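# Structure assessment
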Amino acid sequence: MTFFDILGGALLVLGLGFFVAGTVGMLRFPDAFCRLHALTKADNLGLALTALGTAVLAGTWSAAVKLALIWGLVALASATSGHLIAGHALRATDRRDRP
Amino acid sequence: MNAAWLAFDALLLAGILGVAWAAMAPGDAFRAIVMFMVMGLLVALAWVRLRAPDVALAEAAVGSGVTGALFLRTWHALPREAGRASEATAARPAAPRRLRLAAFGLAATLTGLLVAALASLDGTAPGLGDAVAARLAQSGVSNPVTAVLLNFRAYDTLLEVVVLLAAVVVVWSLDARPAPRPVPARGPIFLGFARLALPVTVLAAGYLLWLGAFAPGGAFQAGALLAAVGIVLLLGGLYRPGSGDRRRARLAFGLGLAGFAGAGALTLGLEGAMLRYPPAAAKTWILAIEAVLTLSIAATLAGLFLGERSAPARTGGERP
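Residues numbered from 1 in each chain as written. Chains lettered and ligands numbered in written order. Predicted model: local features only at pLDDT ≥ 70, side-chain atom pairs only at ≥ 80, totals over all residues.

Below, the discussion takes up the nonpolar core. Residues and elements named next belong to chain B. Counting 60 residues, the largest nonpolar core has Leu225, Ala227, Ile231, Leu301 and Ala302 as its most contacted members. Contributing elements (two or more residues each) for this core: α2 (29-49), α3 (53-77), α8 (144-152), α9 (154-173), α10 (188-211), α11 (219-235), α12 (243-271) and α13 (282-306). In terms of residue count, α13 provides more of this core than any other element does, 14 residues in total. (Core = buried A, V, L, I, M, F, W, Y, C linked by C-beta atoms within 7 Å. Buried ≥ 20, exposed ≤ 12 C-beta atoms within 10 Å, placed from the backbone. Helix = DSSP H or I, 4+ residues; strand = E, 2+ residues; numbered from the N terminus.)

So, about the environment of Gly46 of chain A. Residue and element names in this part refer to chain A. Topologically, Gly46 is positioned in helix α2 (residues 32-58). The exposure class of Gly46 is buried, given the 22 C-beta atoms found within 10 Å. Sequence separation of Gly46 and Val20 is 26 residues, and the distance between their C-alpha atoms is 9.0 Å. Apart from residues lying up to four places away in sequence, Gly46 is in contact with Gly15, Phe18, Phe19, Gly22 and Lys41. (Contact = placed C-beta atoms within 7 Å.)

Attention now goes to the packing of α3 of chain B against α13 of chain B. Residue and element names in this part refer to chain B. The contact between α3 and α13 brings their axes to 9 Å, and the two run at 20°. When the interaxial angle is binned, α3 and α13 end up roughly parallel. For the pair α3 and α13, the crossing hand works out as left-handed. Residues Val66, Ala69, Leu70 and Arg73 of α3 form the contact with α13, whose own contacting residues are Leu301, Leu304 and Phe305. (Axes fitted to C-alpha atoms, helices over the stretch in contact; angles between N-to-C directions. Parallel < 35°, antiparallel > 145°, perpendicular 65-115°, else oblique. Left-handed = near helix turned anticlockwise from the far one by under 90°.)

Our next topic: the interface of chain B and chain A. Each side of the interface is counted separately: chain B has seven residues, and chain A has six residues. Split into classes, the residues belonging to the side of chain B that touches chain A amount to seven nonpolar, no polar and no charged. (Nonpolar A, V, L, I, M, F, W, Y, C, P; charged D, E, K, R; others polar.)

Shown next as structure tokens:
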């Protein structure tokens, strides 16, 4: 067990916490907006910590750059799809509330 | 460590079965489609665990991604009462009991036969792995999967390309009434995403194509990524096919088969056997064929997504 093994493992566990919180939020929160709020935490912070932990465990710069690229793309995609879903939900609520 | 992997595999298997069950359960079609896509991702993970990253990439990109997009596209074209409102689906009368029993019997028999076949395998059969490894050096590439797909069994891949072409020909021949177009998802955030992500995706597709020679990757995975770019462009209304584009698209659909078959004919003349490449230049042949295939597969998958005639057939035009 080197220092990097412990650091990588700790980052992974920390990231896992965000995923668990995001999942619980998606299951428990009442509407689409609250659920999206919970999910973005998992997507951004959870994945960032997981990628960081994996990069530390992999121990090479080329792996780290690829993981950073993956995180960036997922963060971009999740922010965009979150925005699109929220917009759709907003329009759906407007339609429902109108008599 | 072994126990941890065993627990992970058991969870994964249970997850796949659970999601598959949820996808088949009666109810909302949209829910079923989402469950199907989740199942594809879990199956991709299972392929990773079986140490088949090539299949995992293809499953995630084609099986889950592009197929999911095709399903969602179809769902959008469904009449409201057929696939959308769950109340309407619930109110639909169930199939007759005899039919359901027969379907159950058939499925149970097939499952039983599969389990019996699986149990009869002793797990020691060598398969063709050794034969491939022995001749890998002659194939021109160092990734055994690409060596099999594009060299040793290139004929099979050629026929797969025929299947794809047949699929898009059938879909484009269906004269369905035009479906309501999805609302273009335009807006500053979507456009910003498209500007950043699409060029990177094109780059990633090129990388996967090049990588296929020595690591997991190849024409189908790269083509699926490029098709995703096309699908995002179509969805966002960033690209609207004009009348001349359909003709160009048909050319692109046929390009893969034409290029592959052309290479077959050329090698028949040069080396005396179809798709036996000149040994010194095998890698160039494989990469050239894969590059053409990537473009054609991308066009075909995006064409499948675009689907039925987008404009009503004009009278007098386009007779075969």
